[in-house]
Amino acid sequence: EGWAPLILVSGGLKGSLGSIPAEDMKNYLTVKKGISKNNIIIESKSENTHEQAKNVMVKIKKKKWKSIILVASAFHQPRAFLTFLKVAEDFGLKVKIFNAPAKHAWFDNELGTSRLELLIGEFEKIKEYQKKGHVVSIKEALDYQQWKEQH
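Just so it is clear, the model here is predicted, and its values are computed rather than measured.

Q: So what exactly am I meant to see when it comes to the packing of aromatic side chains here?
A: By convention here, two paired aromatic rings are described through the distance between centres and the angle between planes. Inspection of the entire model under this criterion finds 2 aromatic pairs. A ring pair is formed by Tyr144 and Trp147, whose centres lie 5.6 Å apart and whose planes are at 40°; its orientation type is tilted. Here Tyr144 and its partner Trp147 are both found in helix H6 (residues 138-150), 3 residues apart, which amounts to about one turn of the helix. The residues Tyr144 and Trp147 share a single accessibility class, namely buried. Clustering of aromatic rings is evident, with ring pairs tying together Phe81, Tyr144 and Trp147. Its end group placed over the ring of Tyr129, Arg79 keeps NZ or CZ at 5.0 Å from the ring centre. Positioned over the ring face of Phe98 is Lys148, at 4.5 Å from the centre of the ring.

Written out as C-alpha cells, the structure is:
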C-alpha cells in the first residue's frame, strides 16, 4: 500500500500450519500484488518468531534502518512485537517498530480454529517465550511505546 520503499519477508519454515515461507510470500507479492522483486528482501533461514526477529535485526543493523512496519496476523502481533522489541534491545538498536496486522489474513477461514483459540494459543506461546527470555515484559513494551511516541 506504499507504506515503505522495501519489503523484507521473513521465514523459512515449510509445511507448518500457519507458516508461509519467505519465498512463497515473495512470489505472492510479485504475482498477486504487482510489487517489483527489486523492492523485496528475503530472509529465509528462520523457523520461529525469535529467529525471525534475530535475522531481521541483523539486516536492520546492517542497513541502518530507523523504523520498520511489523506485519503479522492479528493474533500473532502481540508475540511478534514483544519478541522484536527484546531482540532489538539485545542488539542495542533503537528502532521504531510500528505494528500492522495483516488485513484479510489467510487464517480467517482456513485453519479450522476460531480466532479465540488462536489468541489463546498465542498467549500460551508468549508464556513459553517469557520463560526463555525471548520477549520483553509488558512494562518494558509500554516504556518503549512511550519512548517511540516522544521521538
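Q: Any chance you could explain the pattern of salt bridges here in plain terms?
A: If you walk through the whole model with that rule in mind, you get 5 salt bridges. One salt bridge in this structure joins Glu89 and Lys86, with 3.6 Å as the shortest N-O distance. In this pair, Glu89 and Lys86 are both assigned in helix H3 (residues 77-91), 3 residues apart and thus about one turn of the helix distant. When its relative accessible area of 42% is taken as the criterion, Glu89 is described as partly exposed. The residue Asp143 makes a salt bridge to Lys139 at a minimum N-O spacing of 2.8 Å. With Asp143 and Lys139 both in helix H6 and 4 residues apart, the pair spans about one turn of that helix. A residue is classified by how much of its surface remains accessible, and Asp143, at 36% relative accessible area, is partly exposed.

Q: Is there a simple way to think about the layout of surface pockets in this case?
A: Over the atoms a probe the size of a water molecule is rolled, and this reveals where empty space is left. Taken as a whole, the second largest pocket spans an internal volume of roughly 210 Å³. In this structure, the second largest pocket is lined by 13 residues; those nearest its centre are Leu85, Glu89, Leu93, Lys94 and Tyr144. For the lining of the second largest pocket, the secondary structure elements donating two or more residues are H3 and H6. No other element matches H6, which puts 4 residues into the lining of the second largest pocket.

Q: How should I be thinking about the environment of Lys148 in this particular structure?
A: Within the secondary structure, Lys148 sits in helix H6. Taking relative accessible area as the criterion, Lys148 reaches 10% and is therefore assigned buried. When the C-alpha atoms of Lys148 and Ile97 are compared, they prove to be 8.3 Å apart, with 51 residues separating the residues in sequence. In contact with Lys148, other than residues within four places in its own chain, are Lys96, Ile97 and Phe98.

Q: What exactly am I supposed to notice about the packing of H3 against helix H5 (residues 115-132) here?
A: Helix-helix packing is characterised by the crossing angle of the two axes and by the distance between the axes. Contact geometry for H3 and H5: axes closest at 9 Å, N-to-C directions at 20°. Relative to H5, H3 is oriented roughly parallel. Crossing angle aside, the handedness with which H3 passes H5 is right-handed. Contacts from Pro78, Arg79, Leu82 and Thr83 of H3 reach H5 at Glu122, Lys125, Ile126 and Tyr129. The residue makeup of the contact of H3 with H5, split by class, is 4 nonpolar, 1 polar and 3 charged.

What counts, and at which threshold
- Residues numbered from 1 in each chain as written.
- Predicted model: local features only at pLDDT ≥ 70, side-chain atom pairs only at ≥ 80, totals over all residues.
- Heavy atoms only, no water.
- Phe/Tyr/Trp six-rings, centres within 6.5 Å; stacked < 30°, edge-to-face > 60°.
- Helix = DSSP H or I, 4+ residues; strand = E, 2+ residues; numbered from the N terminus.
- Buried < 20%, exposed > 50% of the residue type's maximum accessible area, 1.4 Å probe, protein only.
- Lys NZ or Arg CZ within 6 Å of the ring centre and 35° of its normal.
- Salt bridge = Lys/Arg side-chain N within 4 Å of Asp/Glu carboxyl O.
- 1 Å grid on protein atoms, 1.4 Å probe; cavity = no way out; pocket = protein on both sides within 12 Å on 5 of 7 lines; lining within 4 Å.
- Points joined across faces, edges and corners; volume = space filled by probe spheres on them.
- Contact = heavy atoms within 4.5 Å.
- Axes fitted to C-alpha atoms, helices over the stretch in contact; angles between N-to-C directions.
- Parallel < 35°, antiparallel > 145°, perpendicular 65-115°, else oblique.
- Left-handed = near helix turned anticlockwise from the far one by under 90°.
- Nonpolar A, V, L, I, M, F, W, Y, C, P; charged D, E, K, R; others polar.

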